[in-house]
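One letter stands for each residue in the lines below.
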Amino acid sequence: MKPAPFDYVAARSVEHAVELLAGDTDAKVIAGGQSLMPMLNMRLGRPELVIDIGRLDVLNHVRISESGALLVGAAATQTQLLAHSGVNSGWPLLTTAVSNIGHPQIRNRGTICGSLAHNDPAAELPATAIALDATMHIQSSRGIRTIPAEQMFVGPFMTALAPDDLLIEAEFPLPPAGAGWSFREFATRPGDFATVGVAVQLVRRDGVVADTRIVLFGVGGSATRVHSIEEVLMGSSPSRVENQVRTQLEAELDPADDVHASAGLRQDLAEKLTIEAIAEAWERCA
Amino acid sequence: MSSRGGEGPIHPATPPLSEPSAWHDISLTVNDEQVSAQVESRLLLSDFLRHRLRLTGTHVGCEQGSCGACSVLLDGVVVRSCLALAVQANGRNLRTVEGLAGPDDPLTALQQAFHEQHGMQCGFCTPGFLMSLAGLAEDGGTPSSDEIDEHLTGNFCRCTGYVNIRKAARQAFGLPDPEEPSDG
């Protein structure tokens, strides 16, 4: 299908973009368009105005700050992130998650921040951002604010962004020294949206788990951090509490049936992938 | 288009202005020729190429980014033309399958490999495969077998089962035939 009519403006600056956003209650932001364009083509979205931030050089960066954090601007593509020499060594969980997004042809245009702002329940990046304790930098005509990733994703295709907010940058802190990680997903074909997936960051100290973040996606409305499993793991070694992890997942998750998978399959996948991911992250701890 | 040569910029006819507030003047390079046009905000890049420039080698399969038949090179990078707006190509450099070799030119090594290995059946998906692999070639160097396969996952072929497409891709990049047993 073809998109319904809309106006298009290429923003001249971030200030121009947020001014346009504040002035039109039915506007959508486009950067790479790899999530928005399918929705426009299928007429699942019918905005009056599309604001293009894809050409703003000030938002087109992947860089490591003086404090060691990774900063990804809203116009930076997923391919740019994968091509950055320092990202894979410092944030292997992030590059592994990104390499699971679509195909090279999609990643060449799709942006990191666009995927975060879109928040598809089956997308890799929201869960990964929570697992890495990322921070969202948001600008509007009212000013600039910052929120942790954990407060960003509130439901399927819903975020903490107000209609006039623009996500300008995602900041990923350097993971704790020696932290292990794992990213696992099940998809029908490589490049498809995940049926279920999990992102894990884990710190081992004195033979036990000292800190961990475990985030699943594809199991509910949005990326889901499972605090109860983290509490089970803390102060223990994963192999000793495997059954408790499984029990907690059965109690906590309530996946829905849909055309892609039954609730039962999603539950089974969530348990298997999570157990595997925790073991892998544990093994990767330095 | 490629047979014109040296007659100045191309100005495709503009359809009636149905949405006067949402038209934009764009100028871009398409297969080494300058093009200037007026486009609606909502015109997809794939439709601009096919309907306005009559470059119908770019095929439209799914129009939602799944199939890859509409792949083109935007500033040397392979993208889905159904997931971009024509207005977003303003000032950019586009290459379509028509831009790989002109009507009187010899086939490129990539096209020749698809011809020799018969890397197609009905041919609908072929332009997309060629442009995806042309994009991989733009990265320079010899890609690994895995990199070739990863690029091929972005394109659907519903006829062949990919055997001859993989053979053609490897021949084009000077790699061994994936179906032949190797010494290693």
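Throughout this description, residue numbers start from 1 for each chain and increase along the sequence as written. Here chains are named by letter from A upward and ligands by number from 1 upward, in the order in which they appear as written. With the structure being a predicted model, the display of local features is reserved for residues of pLDDT at least 70 and the display and counting of side-chain atom pairs for 80 or more, all residues being used for whole-chain, interface and lining totals.

Asks: Could you clarify how one ought to interpret the overall build of chain B in this entry?
Replies: Of the regular secondary structure elements, chain B holds 5 helices and 5 strands. Secondary structure elements of chain B occur, N-terminal to C-terminal, as β-β-α-β-β-β-α-α-α-α. We compute the radius of gyration from the C-alpha atoms alone; for a globule the expected value is 2.2 Å times N to the 0.38, where N is the number of residues. Rg of the C-alpha trace for chain B: 17 Å, near the compact-globule value of 16 Å for 184 residues, within the 12% margin. When each of the 184 residues of chain B is scored for burial, the buried share is 43%. Put simply, 59% of the contacts in chain B that link residues at least 6 apart link residues at least 24 apart. What counts as a helix is a DSSP run of H or I of at least four residues, what counts as a strand is a run of E of at least two, and both are numbered from the N terminus. Here a residue counts as buried when 20 or more other C-beta atoms sit within 10 Å of its C-beta, as exposed when there are 12 or fewer, and as partly exposed otherwise, the C-beta atoms being derived from the backbone. Residues are treated as contacting if the C-beta atoms built from their backbones sit within 7 Å of each other.

Asks: Hey, could you run me through the domain arrangement of chain B in this one?
Replies: When the parts of a complex come together, some accessible area is lost, and that lost area is often used as the size of the interface. All names here are of chain B. Domain start and end points were adopted from an automatic or database domain assignment. Examined at the domain level, chain B breaks down into domain 1 (20-99) and domain 2 (109-172). Measuring from the centre of the C-alpha atoms in domain 1 to the corresponding centre in domain 2 gives 22 Å. Broken down by secondary-structure element, the contributors of at least two residues to the side of domain 1 that touches domain 2 are β3 (71-74) and β4 (77-80). If you tally residues by element for the side of domain 1 that touches domain 2, the top one is β3, at 3 residues. Each residue receives one of three labels: charged for Asp, Glu, Lys and Arg, nonpolar for Ala, Val, Leu, Ile, Met, Phe, Trp, Tyr, Cys and Pro, and polar for the others, Gly being one of them. Here the residues of the side of domain 1 that touches domain 2 are counted per class, giving 8 nonpolar, 6 polar and no charged.

Asks: Would you explain the interface of chain A and chain B in this entry?
Replies: On the side of chain B, 27 residues touch chain A, which itself brings 24 residues to the contact. Put simply, the parts of the chain that give the side of chain A that touches chain B at least two residues each are β1 (7-10), α2 (36-41), β3 (49-52) and α6 (104-107) of chain A.

Asks: Help me understand the domain arrangement of chain A in this model?
Replies: All names here are of chain A. One can read the domain layout of chain A as domain 1 (7-52), domain 2 (59-172) and domain 3 (183-284). Between the C-alpha centres of domain 2 and domain 3 there is a distance of 21 Å. Contacts between the two partners involve 24 residues from domain 2 and, on the opposite side, 18 residues from domain 3. Among the residues making up the side of domain 2 that touches domain 3, the classes are represented as 13 nonpolar, 7 polar and 4 charged.

Asks: I keep staring at the sheet that holds strand β2 (residues 27-30) of chain A and nothing clicks. Help me out?
Replies: In a beta sheet, neighbouring strands are held together by backbone hydrogen bonds and run either parallel or antiparallel to one another. Residue and element names in this part refer to chain A. Between any two strands, pairing holds if DSSP finds at least two bridges. One open sheet holds the 3 strands; their spatial order is β1-β3-β2, and the pairing between them is parallel. In this open sheet, the two edge strands, each paired with only one partner strand, are β1 and β2. Taking the axes of each pair of neighbouring strands and ignoring which way they run, one obtains an average angle of 25 degrees across the sheet. Of the strands in this sheet, β1, β2 and β3 touch helix α1 (residues 14-23), which is tilted by about 165 degrees from β3. Here an axis means a line fitted to C-alpha atoms, over the contact stretch when the element is a helix, while the angle between two N-to-C directions is reported on a 0 to 180 degree scale.

Asks: Which parts of the structure should I look at to understand the pairing of β3 of chain A?
Replies: All names here are of chain A. Here β1 runs beside β3; their pairing, made up of 4 bridges, is parallel. Residue Y8 lies in a different strand from β3, and its bridge partner there is V50. Strand direction decides the pairing type here: β2 and β3, joined by 4 bridges, are parallel. In the strand pairing of β3, V29 is matched with I51. Place the viewer so that the strands point away; then a crossover is right-handed whenever the path from the first strand over the helix to the second strand goes clockwise. Between β2 and its parallel partner β3, the chain crosses via α2, and the hand of that crossover is right-handed.

Asks: So what exactly am I meant to see when it comes to the sheet that holds strand β6 (residues 135-140) of chain A here?
Replies: Residue and element names in this part refer to chain A. Taken in spatial order, the 5 strands of this open sheet run β4-β5-β10-β6-β7, and their pairing is antiparallel. At either end of the open sheet lies a strand with only one pairing partner, and these are β4 (62-64) and β7 (143-148). Strand-to-strand twist of the sheet, defined as the mean angle between neighbouring strand axes without regard to direction, takes the value 20 degrees.

Asks: I tried to follow the confidence of the model for chain B on my own but got confused; where do I start?
Replies: As a note on interpretation, predicted positions should not be read in detail where pLDDT is low. Mean pLDDT over chain B works out to 91, with 91% of the residues at or above the 70 mark. For this predicted complex, the interface score ipTM comes out at 0.94, while the overall pTM is 0.94. The quantity known as pLDDT measures the predictor's confidence residue by residue, on a range of 0 to 100.

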